[in-house]
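# Chain and residue survey
So you can see what is in the structure, the chains are spelled out below.
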Amino acid sequence: QVQLTESGGGLVQAGDSLRLSCTVSGRTSNYYAMAWFRQAPGKDREFVGGINWNGDTTSYTDSVQGRFIISRDDANNMLYLQMNSLKPGATAVFYCASRSSTSPYRDANRYDSWGQGTQVTVSA
């Protein structure tokens, strides 16, 4: 079972940048896709971005396309989410997730492992 631990959340102002990290442990295969999801207060968990097993393909939800960048460093067992130009009201708990497959999906139910989440608060 893969264990995931997010870090890097905090309080920022609109327009700021923030980088989230996810530490991966316990993996037994290189063939796993990863993703970031977020859950705002009172809303469902939603897909933010995903990356395939070798890092050469990424996908994003439309609202973050061009502002967020997902990357992975398998040598150091890390996943990252660089968030730029954060918008007011983008406050959410961000989760990293992994699935035992080569490609990510936007459906949260497709993922095997989840982290505990890290809070990101964006003030106006």
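One structure accompanies this document, and this report is about it. (Residues numbered from 1 in each chain as written. Predicted model: local features only at pLDDT ≥ 70, side-chain atom pairs only at ≥ 80, totals over all residues. Heavy atoms only, no water.)

### Quick look at the overall build of the chain
Secondary structure summary: the chain contains 0 helices and 11 strands in total. N-terminal to C-terminal, the α/β element order of the chain is β-β-β-β-β-β-β-β-β-β-β. The C-alpha radius of gyration of the chain comes to 13 Å, within 12% of the 14 Å expected for a compact globule of 124 residues. Dimensions of the chain, computed from C-alpha atoms along their principal axes, come out at roughly 45 × 25 × 25 Å. A total of 124 residues make up the chain; the buried ones form 40% of that total. Taking as baseline every contact in the chain between residues at least 6 positions apart, the subset at least 24 positions apart corresponds to 59%. Surface accessibility of the chain: about 6,300 Å² in total, with carbon and sulfur atoms responsible for 43%. One finds the centroid of the 11 positive side-chain charges in the chain at a distance of 2 Å from the centroid of its 10 negative side-chain charges. (Helix = DSSP H or I, 4+ residues; strand = E, 2+ residues; numbered from the N terminus. Rg over C-alpha atoms; globule rule 2.2 N^0.38 Å. Buried < 20%, exposed > 50% of the residue type's maximum accessible area, 1.4 Å probe, protein only. Contact = heavy atoms within 4.5 Å. Areas by Shrake-Rupley, 256 points an atom, 1.4 Å probe, with all protein chains shown as cover. Lys, Arg positive; Asp, Glu negative; His and termini not counted. Charge placed at Lys NZ, Arg CZ, Asp CG, Glu CD.)

### What about the pairing of strand β1 (residues 3–7)?
Only one face of β1 is buried: it carries L4 and E6, and the other face, with Q3, T5 and S7, is open. Two strands pair when backbone bridges link them, and β1 and strand β3 (residues 18–25) are joined in this way by 5 bridges, in the antiparallel orientation. Bridged to T5 within β3 is T23. (Pairing = 2+ DSSP bridges.)

### Overview of the packing of aromatic side chains
Evaluation of the coordinates by the stated rule reveals 6 aromatic pairs. The interplanar angle of 80° and the centroid separation of 5.6 Å between the aromatic rings of F37 and F47 together place this pair among those described as edge-to-face. Linking F37 in strand β4 (residues 33–39) with F47 in strand β5 (residues 46–51), this pair joins segments that are 10 residues apart in sequence. Per residue, the accessibility class of F37 equals that of F47, and both read buried. (Phe/Tyr/Trp six-rings, centres within 6.5 Å; stacked < 30°, edge-to-face > 60°.)

### Some details on the nonpolar core
Within the largest apolar cluster, 25 residues are counted, with the highest numbers of intra-cluster contacts made by W36, L81, M83 and F94. For this core, the secondary structure elements donating two or more residues are β3, β4, β5, β7 (68–73), β8 (78–83), β9 (92–99) and β11 (118–123). For this core, the leading source of residues is β3, giving 4 residues. For F94, the contacting residues outside a window of four places in its chain are E6, L20, W36, F37, R38, V48, F68, L81, M83, G117, T118 and V120. Grouped together as the second largest cluster of nonpolar side chains are 5 residues, F37, F47, A97 and Y111 included. (Core = buried A, V, L, I, M, F, W, Y, C linked by side-chain atoms within 4.5 Å.)

### Some details on the sheet that holds β7
Pairing within the open sheet is antiparallel, and its 4 strands lie in the order β1-β3-β8-β7. The open sheet has two free edges, formed respectively by β1 and β7, since each of these has just one partner strand. When strand polarity is set aside, the average angle formed by the axes of neighbouring strands in this sheet is 15°. (Axes fitted to C-alpha atoms, helices over the stretch in contact; angles between N-to-C directions.)

### Looking at the side chain of S113
Position of S113 relative to the elements: it lies in strand β10 (residues 113–114). At 3.2 Å, the side chain of S113 forms a polar contact with the side chain of Q1. Among the polar contacts listed, one links the side chain of S113 to the backbone oxygen of V2, at a separation of 3.2 Å. Here S113 is in contact with Q1, V2, L4, C96, A97 and S98, once residues within four sequence places are set aside. (Polar contact = N/O pair within 3.5 Å; in protein donor to acceptor, adjacent residues only side chain to side chain.)

### Looking at the environment of K87
Turning to its location among the elements, K87 is positioned in the loop between β8 and β9. For K87, a relative accessible area of 44% corresponds to the partly exposed category.

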